[in-house]
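# Tertiary structure, described
So the chains spell out like this:
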Amino acid sequence: MHEDLCGAIEKLNSEVLRQEIKKLEEALEQEETCQQQRKKEAEAPGTVLPEVVEAQLERDMLARRRGFFSWLQTLCLLLVGLELVVGFALAAAVLYASWYDRELFYRLLLCVLPEETYTHLAYALGRILPVVSEGLLPF
């Protein structure tokens, strides 16, 4: 009887040990599966490490700064170009007026300026561009 009891205890112990071993093996398999899943997620293009995210944010910030400065440079170039065009147009008008039509500024300014301002400016221009006219001047 004692032998039967020892045999039953051994059988029970071995069965409990097998169940425990089986549970531990299942837990180990689950852990290995989770680790493999994490590795796949880390390698996937959708997931990134914090260093990569930080580097990407820094690159984006530099791109925005470069974008702002390029727009600022373009705006400055446009304004300088506009100034040059206006300067050349005024120089061409002065040359035309000094050689071909000395009354041009007087006629143009009369259309644009108020009368009082026109008289002051016409007086100043009269000293610079003397007008030889056969007819009456518009002021």
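Below is a short write-up of the structure.

Procedures and definitions
Residues numbered from 1 in each chain as written. Predicted model: local features only at pLDDT ≥ 70, side-chain atom pairs only at ≥ 80, totals over all residues. Heavy atoms only, no water. Helix = DSSP H or I, 4+ residues; strand = E, 2+ residues; numbered from the N terminus. Buried < 20%, exposed > 50% of the residue type's maximum accessible area, 1.4 Å probe, protein only. Contact = heavy atoms within 4.5 Å. Areas by Shrake-Rupley, 256 points an atom, 1.4 Å probe, with all protein chains shown as cover. Patch = residues over 30% accessible without salt bridge, like charges linked within 9 Å, V, L, I, M, F, W, Y side chains within 5 Å. Salt bridge = Lys/Arg side-chain N within 4 Å of Asp/Glu carboxyl O. Lys, Arg positive; Asp, Glu negative; His and termini not counted. Charge placed at Lys NZ, Arg CZ, Asp CG, Glu CD. Phe/Tyr/Trp six-rings, centres within 6.5 Å; stacked < 30°, edge-to-face > 60°. Core = buried A, V, L, I, M, F, W, Y, C linked by side-chain atoms within 4.5 Å. Axes fitted to C-alpha atoms, helices over the stretch in contact; angles between N-to-C directions. Parallel < 35°, antiparallel > 145°, perpendicular 65-115°, else oblique. Left-handed = near helix turned anticlockwise from the far one by under 90°. Nonpolar A, V, L, I, M, F, W, Y, C, P; charged D, E, K, R; others polar.

### Quick notes on the overall build of the protein
Scanning the protein for helices and strands turns up 4 helices and 0 strands. Counting from the amino terminus, helix and strand elements in the protein follow one another as α-α-α-α. Split into buried and exposed, the 139 residues of the protein put 9% on the buried side. Here the contacts in the protein between residues at least 6 apart in sequence split such that 33% fall between residues at least 24 apart. Accessible area for the protein stands at about 12,700 Å²; split by element, carbon and sulfur atoms hold 65% of it.

### A look at a negative patch on the surface
A cluster of acidic side chains, namely Glu25, Glu26, Glu29, Glu31 and Glu32, defines a negative patch on the protein surface. Relative to the assigned elements, glutamate 31 resides in helix α1 (residues 2-43).

### Quick word on the packing of aromatic side chains
Under the defined criterion, the tally for this structure stands at 1 aromatic pair. An angle of 35 degrees between the planes, with centres 5.7 Å apart, marks the rings of tyrosine 96 and tyrosine 100 as tilted. Overall, the relative accessible area of 40% leaves tyrosine 96 in the partly exposed class.

### A few points about the nonpolar core
Ala97, Leu104, Phe105, Tyr106, Leu109, Tyr118, Ala122 and Leu125 together form the largest nonpolar core, which totals 8 residues. Contributing elements (two or more residues each) for this core: α3 (104-112) and α4 (115-128). Considering every element that reaches this core, the biggest residue donor is α3, with 4 residues. Once you skip the residues sitting within four places of it in the chain, leucine 109 turns out to touch Tyr118, Leu121 and Leu125.

### Section: the packing of α3 against α4
As a packed pair, α3 and α4 sit with axes 10 Å apart at the nearest point and diverge in direction by 165 degrees. As summarised for this structure, α3 and α4 are arranged roughly antiparallel, according to the angle between their axes. Along this stretch, α3 crosses α4, giving a crossing that reads as right-handed. Residue-level contacts link Phe105, Tyr106, Leu109 and Leu110 of α3 to Tyr118, Leu121, Ala122, Leu125 and Gly126 of α4. Looking at the contact of α3 with α4 residue by residue, the class counts come to 8 nonpolar, 1 polar and no charged.

### What about a nonpolar patch on the surface?
A grouping of Phe68, Phe69, Leu72, Leu75, Leu79, Leu82, Val86 and Leu90 is seen on the molecular surface, where their side chains present a nonpolar patch of about 790 Å² in accessible area. Position of phenylalanine 68 among the secondary structure elements: in helix α2 (residues 50-99).

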